[in-house]
Amino acid sequence: MKVGFIQFNPVFGDVKRNLERSIELIREGADADLLVLPELCTSGYLFTDKKELQKLSEKVPTGPSTKAWIDVARETNTYIVAGICEKVSETDFYNSAVLIGPDGFIDVYRKIHLFNNEKNFFKAGTGPFKIYDLGPAKIGIMVCFDWYFPEMARILALHGADIICHPANLVLPFSQKTMLARSIENRIFTITANRVGSDIRLNTKLTFTGQSQITSPKMAVLAQASEVEEVVKFVTIDPTLARNKMVTANNHAFLDRRVELYAPLLKKDIKKS
Ligand code: ACM
């Protein structure tokens, strides 16, 4: 199976241009079976008020970006995971990722762990965590800051994900390394599609850290982009390698878990220090 990412530099507010650029790059990667695109890749990231969301968001799957991606997925025979600003009403928006296949729209994932000021603009997704069987591989989806919560990747892996698709707009330099940990501890592949460039709005500038990557169940980086380039990269993988959870002859990544000791993970209370 050929899986990859598209790293590019969306221009804030120019949905038409960003959509066209994403389609150009999807066509460039047409030999891949699965391509992951960045978070919010049609709208840009740094919103300053909710009116902008009304303007730059779209219904899923009936909006123009999802429709155009459905057409290009059919044309290229590719599965696409792409970040989009989703409108459910004139007041409610999600930071979402659509999953589209050669036969059309499959589902939308709504980001569960919102980062920083996203909380002022988006509603948080409510789950549940889902797995999609694409045939050669089962995939799960996380969006950007979801990486900070290892529980999420773990649950997706426990549900059978061979690959975690991870659209991102990373501004901190930590996630790329952390996703290697998500790969080794769960014995899965991950594909992080980050964006490059900056959003400059009012007095704020956010620069995105690129370095999109594909990681393996043995913690190898199979492909990585630079911090600045616009690029499509894909590699051939054997997704079934993610189904071997043996760490040593005597250790199984999942069966060795001591769940009887993990009860605090299911409580929100934290001990105040
Ligand atoms: C992020 O979640 N976009 C940092």
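As the structure is a computational prediction, the values presented were derived from the model and not from experiment. (Residues numbered from 1 in each chain as written. Predicted model: local features only at pLDDT ≥ 70, side-chain atom pairs only at ≥ 80, totals over all residues. Heavy atoms only, no water.)

**A closer look at the overall build of the protein chain**
Logical step 1: Within the protein chain, the secondary structure is distributed over five helices and 16 strands.
Logical step 2: Over its C-alpha atoms the protein chain spans a radius of gyration of 18 Å, differing by no more than 12% from the 19 Å that the globule rule assigns to 273 residues.
Logical step 3: Taking the principal axes of its C-alpha atoms as reference, the protein chain extends roughly 55 × 50 × 30 Å.
Logical step 4: In the protein chain, which comprises 273 residues, the proportion classed as buried is 54%.
Logical step 5: Considering only contacts in the protein chain between residues 6 or more positions apart, those separated by 24 or more positions represent 68%.
Logical step 6: Approximately 12,800 Å² of the protein chain is accessible, and the part contributed by carbon and sulfur atoms is 54%.
Logical step 7: Averaging the positions of the 35 positive and the 31 negative side-chain charges in the protein chain gives two centres separated by 5 Å. (Helix = DSSP H or I, 4+ residues; strand = E, 2+ residues; numbered from the N terminus. Rg over C-alpha atoms; globule rule 2.2 N^0.38 Å. Buried < 20%, exposed > 50% of the residue type's maximum accessible area, 1.4 Å probe, protein only. Contact = heavy atoms within 4.5 Å. Areas by Shrake-Rupley, 256 points an atom, 1.4 Å probe, with all protein chains shown as cover. Lys, Arg positive; Asp, Glu negative; His and termini not counted. Charge placed at Lys NZ, Arg CZ, Asp CG, Glu CD.)

**A closer look at unusual backbone geometry**
Logical step 1: In this chain, Val60 is followed by Pro61 through a cis amide linkage whose omega measures 10°.
Logical step 2: Across the junction of Gly127 and Pro128, the peptide omega takes the value -5°, indicating a cis bond.
Logical step 3: Its identity is not glycine, yet Cys144 carries a phi of approximately 35°, on the positive side.
Logical step 4: Relative to the helices and strands, Cys144 is located in the loop between β7 (138–141) and α4 (150–158).
Logical step 5: The phi angle at Gln211 is positive, at roughly 55°, despite the residue not being glycine.
Logical step 6: Its place among the elements puts Gln211 in the loop between β11 (204–207) and β12 (213–215).

**Thoughts on the packing of helix α1 (residues 15–28) against helix α3 (residues 64–76)**
Logical step 1: For the pair α1 and α3, the least separation of the axes is 11 Å and the interaxial angle reads 15°. Considering their axes alone, α1 and α3 lie roughly parallel with respect to each other. As α1 runs across α3, the sense of the crossing is right-handed. Seen from α1, the contacting residues are Val15, Leu19, Ser22, Ile23, Ile26 and Arg27; seen from α3, they are Pro64, Ser65, Ala68, Trp69, Val72, Glu75 and Thr76.
Logical step 2: Residues that form the contact of α1 with α3 fall into these classes: eight nonpolar, three polar and two charged. (Axes fitted to C-alpha atoms, helices over the stretch in contact; angles between N-to-C directions. Parallel < 35°, antiparallel > 145°, perpendicular 65-115°, else oblique. Left-handed = near helix turned anticlockwise from the far one by under 90°. Nonpolar A, V, L, I, M, F, W, Y, C, P; charged D, E, K, R; others polar.)

**Examining α3**
Logical step 1: Compared with an ideal rise of 1.5 Å per residue, which puts 13 residues at 18 Å, α3 spans 18 Å between its outermost C-alpha atoms and is within 8% of the ideal.
Logical step 2: Where α3 is buried, its residues touch α1, β3 (79–87), β4 (93–101) and β5 (104–110).
Logical step 3: Just past α3, the residue Asn77 takes up positive phi, approximately 60°. (Expected span 1.5 Å × (residues − 1).)

**So, a nonpolar patch on the surface**
Logical step 1: On the surface, Val259, Leu261, Tyr262, Leu265 and Leu266 cluster together into a nonpolar patch covering about 560 Å² of accessible area.
Logical step 2: With respect to the secondary-structure elements, Val259 resides in the segment after β16 (251–252). (Patch = residues over 30% accessible without salt bridge, like charges linked within 9 Å, V, L, I, M, F, W, Y side chains within 5 Å. Salt bridge = Lys/Arg side-chain N within 4 Å of Asp/Glu carboxyl O.)

**A short note on the packing of aromatic side chains**
Logical step 1: Under the defined criterion, the tally for this structure stands at nine aromatic pairs.
Logical step 2: Ring centres of Phe12 and Phe47 lie 5.4 Å apart, and the angle between their planes is 75°; on these two criteria the pair is classed as edge-to-face. A residue pair is termed long-range when its members are at least 10 positions apart, and Phe12 in the loop between β1 (2–7) and α1 and Phe47 in the loop between β2 (34–36) and α2 (50–56) qualify at 35 residues.
Logical step 3: Taking relative accessible area as the criterion, Phe12 reaches 19% and is therefore assigned buried.
Logical step 4: Classification of Phe47 by relative accessible area gives buried; the value is 5%.
Logical step 5: Three or more aromatic residues link up through ring pairs in this structure, and these residues are Phe115, Phe145, Trp147, Tyr148 and Phe149.
Logical step 6: Between the NZ or CZ atom of Arg110 and the centre of the ring of Tyr94, over which it lies, the distance is 4.4 Å.
Logical step 7: The positively charged end of Arg201 is found above the aromatic ring belonging to Phe12, 3.9 Å away from the centroid. (Phe/Tyr/Trp six-rings, centres within 6.5 Å; stacked < 30°, edge-to-face > 60°. Lys NZ or Arg CZ within 6 Å of the ring centre and 35° of its normal.)

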